[in-house]
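Tertiary structure, described
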Amino acid sequence: MTKPLKACVIGYPIKHSKSPLIHGSWIHDHGLEGSYEAIEIHSDNLENGIRNLIDQGYSGFSVTVPHKQTIMDLCDKIDEKAKTIGAVNTVIIKDGKLYGTNTDAFGFLENIKQKEPDFNFENISCVVLGAGGAARAVIYALQKAGVKEITLTNRTKERALDLQRMAPDLIRVEDWRDRNKLLKNKDFLVNTTSLGMQGQALLEIDLDALPQTALVNDIVYAPLMTDLLTQAKERGNKVVTGIGMLLHQARPAFELWTDIMPRVDQALEDQILK
Ligand SMILES: NC(=O)c1ccc[n+]([C@@H]2O[C@H](COP(=O)([O-])OP(=O)(O)OC[C@H]3O[C@@H](n4cnc5c(N)ncnc54)[C@H](OP(=O)(O)O)[C@@H]3O)[C@@H](O)[C@H]2O)c1
C-alpha cells in the first residue's frame, strides 16, 4: 500500500458500530498509517455523503444499516456475491468509481471454521431460522460450502419463499410454527433472526428433536451466549457464537483496501466484547 489508509463505516445510526475498533486494531497491529472512522449518513443524504468520501480521497468504506441495499444503486460495479445476496457491505473506491461486494458470507463460514475446524459442511442437512438480510448471506455461504439441504423457516413465509429462489433445489421452506419438529435429523442449526438479541423477544424453540451431534450457531452476538446457545450447550450440542462472523467479515474488506489479510484471534474478540 502506498498511501495511508482512509476508510470508514457508514450507517445511521452509527455510534455503536464495532468496525472502527476492529479495523483500528489491525491498522495498529500492522504498523500502518491511516484511519478508519464511523461516519453517520442519513438515508436522505446518501448520495452527497458518498460524493464527499470520494472527494476526500477515501480508499473505501463498510456499509451497515440502513444502506446495504440502497448503496447498490450508487455503485459502478457490483460483484456476483453481492448481487446474489442482494446487499453490499463493502465498497472500494478507485479512480472515483465505487466497487461493491459483500463479505458477510465469508464471515459466517470463517467463524465456524475457526471455532469448529473439524466441522464439515459438505453434504449436511441444515435448518436456517429467519429470512432477513443476514439469512441471505448465510444461505449463500451454505450453498457454496456444499451442504445437501437447507430447511428454511421464517415468521413471514413469503420472505422465505422469496429467498428460496436463490437455490430452489437446495432450500425447502416450512412454516414457522413447525420449527421444533424441523430439527429432526439435522446436522446444523443457525439462528439468523433478531430474536434473542438484547432488547428483542427471546427465540422460542424446543431443541428436543435436534440430534446432540448437531452444531448450533447464533449470528446474534449481543448477548454473546444467547438463550438458544445456552439451551443447546446444556443438552450437549457444540455451539458457535456470532461475534466471529462480525470479526471475520471485516477481514476481506481490510485486505481489499490494504493488500493485507488480517487475522482474528481471541485477543481481538476480547477487545471487541469489552
Ligand atoms: N454476527 C454478525 O456479523 C451479524 C451480521 C448480520 C446480522 N447479524 C444479526 O442478525 C440479526 C438479523 O439481522 P438482519 O440484518 O437479517 O435483520 P432483518 O433483515 O431485519 O431480519 C430480521 C429477521 O428476524 C425475524 N424476526 C424479527 N422479529 C421476529 C419475531 N418477533 N418473531 C419471529 N421472527 C422475527 C424477521 O422475520 P420477518 O421476516 O417475519 O420479519 C427476519 O427473519 C440481527 O440481530 C443482527 O444483529 C449479525
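Every chain is numbered independently, its residues counted from 1 as its sequence is written. Local features in a predicted model are, by the rule used here, given only for residues with pLDDT of at least 70; side-chain atom pairs are given and counted only at 80 or more, and totals for whole chains, interfaces and linings are based on all residues. Excluded from the side-chain calculations are hydrogens and water; all other atoms, namely the structure's heavy atoms, are used.

Re the overall build of the chain
Counting from the N terminus, the helices are DSSP H or I runs at least four residues long and the strands are E runs at least two residues long. Helix and strand content of the chain: nine helices and 12 strands. Expressed as lengths along the three principal axes of its C-alpha atoms, the size of the chain is roughly 55 × 40 × 35 Å. Looking at the chain as a whole, 51% of its 274 residues qualify as buried. Contacts are residue-level and defined by heavy atoms, with any inter-residue pair within 4.5 Å sufficient. Expressed as a percentage of contacts within the chain between residues at least 6 apart in sequence, the contacts between residues at least 24 apart total 65%. What sets the accessible areas is the Shrake-Rupley method with a 1.4 Å probe; for residues, cover comes only from the shown protein chains. As presented, the chain carries roughly 13400 Å² of accessible surface, and 46% of it is formed by carbon and sulfur atoms. For every residue, the accessible area (1.4 Å probe, protein chains only) is compared with the maximum for its type, and the residue is labelled buried under 20%, exposed over 50%, or partly exposed between those bounds.

Things to note about the domain arrangement of the chain
As annotated, the domain borders come from an automatic or database domain assignment. The domain boundaries assigned to the chain delineate domain 1 (5-102 + 245-273) and domain 2 (105-241). For domain 1 and domain 2, the distance between their C-alpha centroids amounts to 26 Å. Listed by partner, the interface residues are 15 residues for domain 1 and 16 residues for domain 2. Accessible-area loss on putting two parts together, using a 1.4 Å probe and summing over both, is the definition of buried area adopted here. Both faces combined, the contact of domain 1 with domain 2 buries some 1500 Å², and carbon together with sulfur accounts for 63% of it. A per-residue breakdown of the area domain 1 buries against domain 2 is headed by Ile85, Met245 and His248, which together make up 44% of the total. Think of a salt bridge as a Lys or Arg side-chain nitrogen and an Asp or Glu carboxyl oxygen that are within 4 Å of each other. Connecting domain 1 to domain 2 are two salt bridges. A salt bridge links Glu110 to Arg251; its shortest N-O distance comes to 3.4 Å. Think of a polar contact as two N or O atoms within 3.5 Å of one another; within protein, one of them needs to be a possible hydrogen donor and the other a possible acceptor, and neighboring residues in sequence only count if both atoms come from side chains. For the pair domain 1 and domain 2, the number of links is seven residue pairs in polar contact (both at pLDDT 80 or more). Where the side of domain 1 that touches domain 2 is concerned, the elements lending two or more residues are helix H3 (80-85), helix H8 (243-258) and helix H9 (266-273). Ranked by residues supplied to the side of domain 1 that touches domain 2, first place goes to H8 with six residues. Of the residues assigned to the side of domain 1 that touches domain 2, the class counts are seven nonpolar, four polar and four charged. Residue type decides the class: Asp, Glu, Lys and Arg count as charged, Ala, Val, Leu, Ile, Met, Phe, Trp, Tyr, Cys and Pro as nonpolar, and the leftover types, Gly among them, as polar.

Remarks on the site of the ligand
Here a residue is near a molecule or strand as soon as one of its heavy atoms is found within 4 Å of it. The full set close to the ligand counts 21 residues, and Ala134, Asn154, Arg155, Thr156 and Arg159 are the nearest of them. Gly132 is positioned such that a nitrogen or oxygen atom in its backbone is 3.5 Å from an oxygen atom of the ligand. In isolation the ligand exposes 920 Å². Once the protein is present, 76% of that is buried. Within the residue set of the shell around the ligand, elements represented by two or more residues are helix H5 (133-144) and H8. A per-class count over the shell around the ligand returns 10 nonpolar, nine polar and two charged.

Description of the packing of aromatic side chains
Two aromatic rings from Phe, Tyr or Trp, using only the six-membered ring of Trp, form a pair when their centres are within 6.5 Å; if the ring planes differ by under 30 degrees the pair is stacked, by over 60 it is edge-to-face, and anything between is tilted. Using the criterion set out here, one finds six aromatic pairs in the structure. When the centroid spacing of 5.5 Å and the interplanar angle of 65 degrees are considered together, the rings of Trp26 and Phe254 count as edge-to-face. Highlighted residues: Trp26 in helix H1 (residues 19-29) and Phe254 in helix H8, separated in sequence by 228 residues. The buried category is assigned to Phe254, whose relative accessible area is 0%. Ring geometry for Phe121 versus Phe188: centroids 5.3 Å apart, planes at 80 degrees, classification edge-to-face. Highlighted residues: Phe121 in the loop between helix H4 (104-115) and strand S7 (125-129) and Phe188 in strand S10 (residues 188-191), separated in sequence by 67 residues. On the basis of relative accessibility, which here comes to 6%, the residue Phe121 falls in the buried class. Members of the aromatic cluster, joined through ring pairs, are Phe108, Phe119, Phe121 and Phe188.

Quick word on the packing of H4 against H5
Structural elements are reduced to axes, namely lines fitted to C-alpha atoms, with helices fitted over the stretch in contact, and the angle between N-to-C directions of any two is expressed from 0 to 180 degrees. The contact between H4 and H5 brings their axes to 8 Å, and the two run at 65 degrees. Taken as a pair, H4 and H5 cross one another with a handedness that is right-handed. When H4 is examined against H5, the residues Asp104, Ala105, Phe108 and Leu109 are found in contact with a partner set consisting of Ala137, Val138, Tyr140, Ala141 and Leu142. In terms of residue class, the contact of H4 with H5 is built from eight nonpolar, no polar and one charged. Whether a crossing is left-handed or right-handed is set by the direction in which the near helix is turned from the far one by less than a right angle, anticlockwise for left-handed and clockwise for right-handed.

Remarks on the environment of Leu228
Topologically, Leu228 is positioned in helix H7 (residues 227-234). Note: C-alpha distance between Leu228 and Asn217 (11 residues apart in sequence) is 8.7 Å.

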